[in-house]
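Okay, here's what each chain looks like letter by letter:
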Amino acid sequence: METPAAAAPAGSLFPSFLLLACGTLVAALLGAAHRLGLFYQLLHKVDKASIRHGGENVAAVLRAHGVRFIFTLVGGHISPLLVACEKLGIRVVDTRHEVTAVFAADAMARLSGTVGVAAVTAGPGLTNTVTAVKNAQMAQSPVLLLGGAASTLLQNRGALQAIDQLSLFRPLCKFCASVRRVRDIVPTLRAAMAAAQSGTPGPVFVELPIDVLYPYFMVQKEMVPAKPRKGLVGRVVSWYLENYLANLFAGAWEPQPEGPLPLDIPQASPQQVQRCVEILSRAKRPLMVLGSQALLTPKSADKLRAAVETLGVPCFLGGMARGLLGRNHPLHIRENRSAALKKADVIVLAGTVCDFRLSYGRVLSHSSKIIIVNRNREDMLLNSDVFWKPQEAVQGDVGSFVLKLVEGLQGQTWAPDWVEELWEADRQKEQTFREKAAMPVAQHLNPVRVLQLVEETLPDDSILVVDGGDFVGTAAHLVQPRGPLRWLDPGAFGTLGVGAGFALGAKLCRPDAEVWCLFGDGAFGYSLIEFDTFVRHKIPVMALVGNDAGWTQISREQVPSLGSNVACGLAYTEYHKAAMGLGARGLLLSRENEDQVVKVLHDAQQQCRDGHPVVVNILIGRTDFRDGSIAV
């Protein structure tokens, strides 16, 4: 027998539909009220009489994080935060190009252990920083970039200098955010500062639209028409704008925590450390290569140095690790790295990446046991699927790993003949350098001899900033930093133009140190105008410009390979006179006073001690010192 399905009365569907429609409408209204900030405004009122502004919140967070300097090129979008920083005792240092401001913040971060901070105006102000931000990303420097922006209400409506800035910086930064309400400034900046230093450090970007930085009465004047339009539409628009303004400032000045958030720094596990201890304890010819990541915690540099000395393993030092062991340390091997790596039976790559600098890992022997430690897993395993294989890959902080390694290897020693073998290769190279220094050049001064004299003159308290190609490449073999954190180079990106910014940040961070900048003449073109900055802010640094009238690192390969010097030629420009025109001091070294090199260097030092920035224009000739070097 067939049972017919019970059919619901048609009339009973209507109440259900009505209930669903009403529920949907209520949900939509509640959602709209939430988006408009109506619920928040019930509990958090707006102080319309207050003259406070969002820039004060920015400055308060920076001060709570120990920031002492902010680098900038001024613009109307960011004026409130600069004024607020000045009032709270944060020194505002303005540069002549935005890229210099970020380079200076990068140097500050590398040397101080705090986040370096730069603030630039919207649009072209921000696009001018892209190279420096990318450089900081690849150098793993914790830099906070604050960028102005058009009013939140006028974005995507053709406002002055308004572009999609977040899309531009997301590939470059660990953290990107746009602050939409004044009350969000503090938590957003705290999160950004923590992100910059956690994990693998790097740059972060926070966009600060103009209406979250200026006081209520100024924003109201610009946002809400004095005479609202008549009619229903006019009243709706006026209500919307008034509500938008109220939500922008609601709860703006209520107390919030401003200090640092906890950092997330990866650490090697005890089991990993123990396995590495066992591998290294069986080594006969161990070798360590220390890179910049070992110095990510600058305040631990002295502990790291003591640990490396206790470990007793011969080392190659690169990037920010240069100078870790001081000058002429018996464990520091400087030359013939590729040959040494082929002979070693255990190699510790501490903060070093198998990129172009290690020939993508091809310089590592397949018979060697490789221990690699790095905060970044992707960097740590770069090219390991093609040219090399790690015995032990440790994702963790490099400096603390080395300290733990030493604890596990206490009392371990290695045969002295291994270090002596490496040192013998160094001595042979140094003899070659002396021969190169004695060779005559067709015109001007021999750069090898000049740099040898720089090495002999360089004081123990100096910081070396290097910016250039051929001249700086030669200096890397001849001039030794005197201690930890006393060498600043761009890092893996190989950027030209870092010199002035790095020097600015270094001198402000270490005011008692002599800052010596070694420039190629091509690279110096990026930094020359910043001697105006050094003069205005009374920043005495010394620039040595190796002036050979060309982009020599390029022409050295281009001419023999392709038969043309096109685009590689410069002039023997009188850079010392250009610097004098900017208010700095200028000195010239040429063949006419080649017996006065040391005296001129001492004169430059004295002028720096007297408070003057100095440019020493050194006319140099060409040598074959770097023949065969690769410029790509």
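Naming follows an unreviewed UniProt entry, where the protein chain appears as 2-hydroxyacyl-CoA lyase 2 of Cercocebus atys. In its Subcellular location (unreviewed entry) section, the UniProt record describing the protein chain reads: "Endoplasmic reticulum membrane".

Participant: Would you mind going over the pairing of strand β9 (residues 346–350) with me for this structure?
Facilitator: Here β9 lies mainly inside the structure; five of its five residues are buried. Burial along β9 is two-sided: V346, V348 and A350 facing one way and I347 and L349 facing the other are all buried. Relative to β9, strand β7 (residues 286–290) runs parallel, the two being bridged by five bridges. Paired with V289 across the bridge in β9 is L349. As paired elements, β9 and strand β10 (residues 369–374) share five bridges and run parallel to each other. In the sheet register, I347 faces β10, and the bridge partner there is I370.

Participant: Can you walk me through the packing of helix α3 (residues 54–64) against helix α9 (residues 185–197) in this structure?
Facilitator: The angle between the axes and the distance between the axes are what describe a pair of packed helices. Viewed as axis vectors pointing N to C, α3 and α9 meet at an angle of 35°, and their least axial separation amounts to 9 Å. Between α3 and α9 lies a crossing whose hand is right-handed. Contacts between α3 and α9 pair G54, N57, V58, V61 and L62 from the former with I185, V186, L189, R190 and M193 from the latter. Counted by class, the contact of α3 with α9 contains seven nonpolar, two polar and one charged residues.

Participant: So what exactly am I meant to see when it comes to the sheet that holds strand β6 (residues 204–209) here?
Facilitator: With parallel pairing, the six strands of this open sheet are ordered in space as β2-β1-β3-β4-β6-β5. The two strands at the open ends of the sheet, each matched to only one other strand, are β2 (91–94) and β5 (175–178). Strand-to-strand, the axes of this sheet are offset by a mean angle of 20°, without reference to chain direction. Of the strands in this sheet, β1 (69–73), β2, β3 (116–120), β4 (143–149) and β6 are in contact with helix α4 (residues 79–87), which crosses β1 at around 150°.

Participant: When you look at the sheet that holds strand β16 (residues 585–589) in this model, what are you seeing that I'm missing?
Facilitator: Two orientations exist for strands paired in a sheet by backbone hydrogen bonds: parallel and antiparallel. Spatially, β13-β12-β14-β15-β17-β16 is the arrangement adopted by the six strands of the open sheet, whose pairing is parallel. Sheet topology places β13 (487–488) and β16 at the edges, where each strand pairs with a single neighbour. Inspection of the sheet shows strand β14 (residues 515–520) paired to strand β15 (residues 542–547) by five bridges, in the parallel sense. Bridge pairing in β15 places C517 opposite A543. The sheet contacts of helix α20 (residues 470–478) involve β12 (463–467), β13, β14 and β15, and relative to β14 the element is tilted by about 130°.

The rules behind the values
Residues numbered from 1 in each chain as written. Predicted model: local features only at pLDDT ≥ 70, side-chain atom pairs only at ≥ 80, totals over all residues. Heavy atoms only, no water. UniProt positions renumbered as here; feature names shortened; annotations may be inferred. Buried < 20%, exposed > 50% of the residue type's maximum accessible area, 1.4 Å probe, protein only. Helix = DSSP H or I, 4+ residues; strand = E, 2+ residues; numbered from the N terminus. Pairing = 2+ DSSP bridges. Axes fitted to C-alpha atoms, helices over the stretch in contact; angles between N-to-C directions. Left-handed = near helix turned anticlockwise from the far one by under 90°. Contact = heavy atoms within 4.5 Å. Nonpolar A, V, L, I, M, F, W, Y, C, P; charged D, E, K, R; others polar.

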